[in-house]
Amino acid sequence: MKIKADRSFDGIATKFQRNIYSSTKGKLRQSVLLRDLAELDILRQPTRILDVGAGQGQLALALAAQGHSVHLTDISGEMLQLAQQQAQQQQLDNVSFEQTGLAELAISHQQRYPLILCHAMLEWLAEPELAIAQLKRLLLPGGILSLMFYNKDAKRFGNILFGNFDYVTADFQVKKKVSLNPQQPLVPADVAQWCQQAGFTLLQKTGVRCFHDYLRDRALQQSHFDQLLALELQYNRTEPYASLGRYQHLLLRADT
């Protein structure tokens, strides 16, 4: 489905915090991303980081707490306000905030960064392919892009497993939209092509929520979370599991 405009979460920021960030989905995602990023050589010393579509800043603030300088941007003022509140509570003084969209940022922002985070944002944009090139303009030559997006292949797989055949046949078109459910899931092969065309080299691919979303007994997401997380971390870079993650996390290097 083609969306007409980039999505802002003003008006539902607290709902997002409760239903996504504070859930097992959010905790698992945070653990996977922190594990992946911790292995980057660039983060072995204090680094300047740009977080595009930072939302409430959970990951950005965790990296700031490690000593990195992070600039958080988002089109939602409400989301950034929640991030600022968290930064103040954690007494972090190496973070900055800017309410702006990626298109404006790519044109007006003068700084270039060695590391950019862009997580769970592409699927809310009207022109996700264009966003890849815009992100590259904000990177230093040889810089790293941490890109996570909503996987259409995994969404199809999960809905077939749960018997939602009409929904899949209609290519996920429904009359009543769920506000927190991305309306434009992306085909991983398309994203890979966009990244290659923009001048990126793939360093690593990780699945996020490779098993979590497919549990028949959803209660196990809570009751056996530690075991589930351990299995996710063990297998989420191995095929076929990596490609079954509800999200895919790519680490990409900007070619010079």
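That block above? That's the structure.
Bear in mind that the values here come from a model prediction, so they are computed numbers and not experimental data.

### Details of the overall build of the chain
Then, number 1: When its secondary structure is counted, the chain shows 12 helices and 7 strands.
Then, number 2: In the chain, which comprises 256 residues, the share counted as buried stands at 50%.
Then, number 3: Nonlocal contacts in the chain, meaning residues at least 24 apart in sequence, comprise 80% of its contacts between residues at least 6 apart.
Then, number 4: Accessible area of the chain: about 12400 Å², with a carbon and sulfur share of 50%.

### Some points on the packing of helix 2 (residues 24-38) against helix 11 (residues 225-235)
Then, number 1: One can describe the packing of helix 2 onto helix 11 by two numbers: an axis separation of 11 Å at closest approach and a directional angle of 40°. The pairing of helix 2 with helix 11 is recorded here as oblique in orientation. Read as a crossing pair, helix 2 and helix 11 show a hand that is right-handed. Taken together, the residues of helix 11 that come into contact with helix 2 (itself represented by Thr24, Lys27, Leu28, Ser31, Val32 and Arg35) are Phe225, Leu229, Glu232 and Leu233.
Then, number 2: Split into classes, the residues belonging to the contact of helix 2 with helix 11 amount to 5 nonpolar, 2 polar and 3 charged.

### Looking at the environment of alanine 83
Then, number 1: Looking at the element boundaries, alanine 83 is found in helix 4 (residues 77-89).
Then, number 2: Judged by its relative accessible area of 0%, alanine 83 falls in the buried class.
Then, number 3: The contacts of alanine 83, once residues within four sequence positions are left out, are Gly55, Gln56, Gly57, Leu61, Leu72 and Phe97.

### Quick notes on the nonpolar core
Then, number 1: Ranked by size, the top nonpolar core spans 31 residues in total, and within it Leu37, Leu72 and Val95 carry the most contacts.
Then, number 2: Looking at this core, the elements that each hand over two or more residues are helix 2, helix 3 (58-65), strand 2 (69-74), helix 4, strand 4 (113-119), strand 5 (139-150), helix 11 and strand 7 (247-254).
Then, number 3: For this core, the leading source of residues is helix 3, giving 5 residues.

### Comments concerning the pattern of salt bridges
Then, number 1: Inspection of every chain in the model, using the stated rule, returns 9 salt bridges.
Then, number 2: Aspartate 153 is paired through a salt bridge with arginine 156; the nearest N and O atoms lie 3.4 Å apart. Of this pair, aspartate 153 and arginine 156 both sit in helix 7 (residues 152-161), 3 residues apart, which is roughly one turn of the helix.
Then, number 3: Of the residues examined, arginine 156 reaches a relative accessible area of 30% and is grouped as partly exposed.
Then, number 4: Counted as one network, the salt bridges with shared partners bring together Arg35, Asp36, Glu39 and Arg237.

Scoring rules and cut-offs
- Residues numbered from 1 in each chain as written.
- Predicted model: local features only at pLDDT ≥ 70, side-chain atom pairs only at ≥ 80, totals over all residues.
- Heavy atoms only, no water.
- Helix = DSSP H or I, 4+ residues; strand = E, 2+ residues; numbered from the N terminus.
- Buried < 20%, exposed > 50% of the residue type's maximum accessible area, 1.4 Å probe, protein only.
- Contact = heavy atoms within 4.5 Å.
- Areas by Shrake-Rupley, 256 points an atom, 1.4 Å probe, with all protein chains shown as cover.
- Axes fitted to C-alpha atoms, helices over the stretch in contact; angles between N-to-C directions.
- Parallel < 35°, antiparallel > 145°, perpendicular 65-115°, else oblique.
- Left-handed = near helix turned anticlockwise from the far one by under 90°.
- Nonpolar A, V, L, I, M, F, W, Y, C, P; charged D, E, K, R; others polar.
- Core = buried A, V, L, I, M, F, W, Y, C linked by side-chain atoms within 4.5 Å.
- Salt bridge = Lys/Arg side-chain N within 4 Å of Asp/Glu carboxyl O.

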